[in-house]
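Breakdown of the fold
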Amino acid sequence: KILRLDAYSDGYNKFETEMEHPHFRDFLVVYLCEGYKRCRNMVQVTNSDPDIIVLCYPFVKKWTDNKISYFVQIHHDDDGKQIVKFWGDLLEIDPATIRIHLRAEKKTNRKGKLPHGIFTFRVGDTYLRSKIDAWLNRLKKEWSPRSDLN
């Protein structure tokens, strides 16, 4: 717990430095809305929009030394090989490292077919997650009159 608090303090104190990156605030807002926040030991982003993934992935990759896992959710009639190749090329990762999850079929017709599936990257990194929490609180502090966002 002490190490997690140290990571939080480190993140909180480095907020201004990180804000110098032109897309850091964008990353935080996306993570606030789209990032996985139920587990304090994991950093995860899931989205079907390649631009969202391209925005978030380099930040997480830069901040962790832990192994990042990759998944894509597709339907049975999607071209899994092509979708995995798309994400591999886009993120410059080995497509063989991307696991495919088949989505359960609904009995209705799919109207808004997702051409690239729903992509997830995640990493188990308690300390990075603590830093992200600190950065999110610093950002929300700018918006909110609440005094408990430290």
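Refer to the preceding data block for the structure.
The following refers to the structure shown.

A separate point is the overall build of the protein chain. Of the regular secondary structure elements, the protein chain holds six helices and four strands. Expressed along its principal axes, the backbone C-alpha trace of the protein chain runs to roughly 50 × 30 × 30 Å. Residues classed as buried in the protein chain amount to 41% of the 150 residues present. Across the protein chain, contacts joining residues at least 24 apart in sequence account for 79% of those joining residues at least 6 apart. Counting only carbon and sulfur atoms, one obtains 51% of the accessible surface of the protein chain, whose full area is about 9200 Å². Measuring between centres, the 26 positive side-chain charges of the protein chain sit 7 Å from its 21 negative side-chain charges.

With that out of the way, let us pick up the packing of aromatic side chains. Counted under the stated rule, the structure contains 15 aromatic pairs. Consider the rings of Phe-86 and Trp-87, whose centres lie 5.2 Å apart with planes at 80°: the pair is edge-to-face. On the basis of relative accessibility, which here comes to 24%, the residue Phe-86 falls in the partly exposed class. Its guanidinium or amino end placed over the ring of Tyr-12, Arg-138 lies 4.8 Å from that ring's centre, counting from NZ or CZ.

Right, let's talk about unusual backbone geometry for a bit. Phi at Glu-92 takes a positive value of approximately 55°, unusual for a residue other than glycine. Mapped onto the elements of the fold, Glu-92 is located in the loop between helix 5 (80-91) and strand 3 (98-102).

One can describe the packing of helix 1 (residues 2-13) onto helix 6 (residues 126-143) by two numbers: an axis separation of 7 Å at closest approach and a directional angle of 45°. Judged by the angle between their axes, helix 1 and helix 6 are oblique. As helix 1 runs across helix 6, the sense of the crossing is right-handed. Here Leu-3, Arg-4, Ala-7, Tyr-8, Asp-10, Gly-11 and Tyr-12 of helix 1 lie close against helix 6, whose contacting residues are Thr-126, Tyr-127, Ser-130, Lys-131, Asp-133, Ala-134, Trp-135, Asn-137, Arg-138 and Lys-141. Its residues assigned to classes, the contact of helix 1 with helix 6 shows seven nonpolar, four polar and six charged.

Definitions and cut-offs
Residues numbered from 1 in each chain as written. Predicted model: local features only at pLDDT ≥ 70, side-chain atom pairs only at ≥ 80, totals over all residues. Heavy atoms only, no water. Helix = DSSP H or I, 4+ residues; strand = E, 2+ residues; numbered from the N terminus. Buried < 20%, exposed > 50% of the residue type's maximum accessible area, 1.4 Å probe, protein only. Contact = heavy atoms within 4.5 Å. Areas by Shrake-Rupley, 256 points an atom, 1.4 Å probe, with all protein chains shown as cover. Lys, Arg positive; Asp, Glu negative; His and termini not counted. Charge placed at Lys NZ, Arg CZ, Asp CG, Glu CD. Phe/Tyr/Trp six-rings, centres within 6.5 Å; stacked < 30°, edge-to-face > 60°. Lys NZ or Arg CZ within 6 Å of the ring centre and 35° of its normal. Axes fitted to C-alpha atoms, helices over the stretch in contact; angles between N-to-C directions. Parallel < 35°, antiparallel > 145°, perpendicular 65-115°, else oblique. Left-handed = near helix turned anticlockwise from the far one by under 90°. Nonpolar A, V, L, I, M, F, W, Y, C, P; charged D, E, K, R; others polar.

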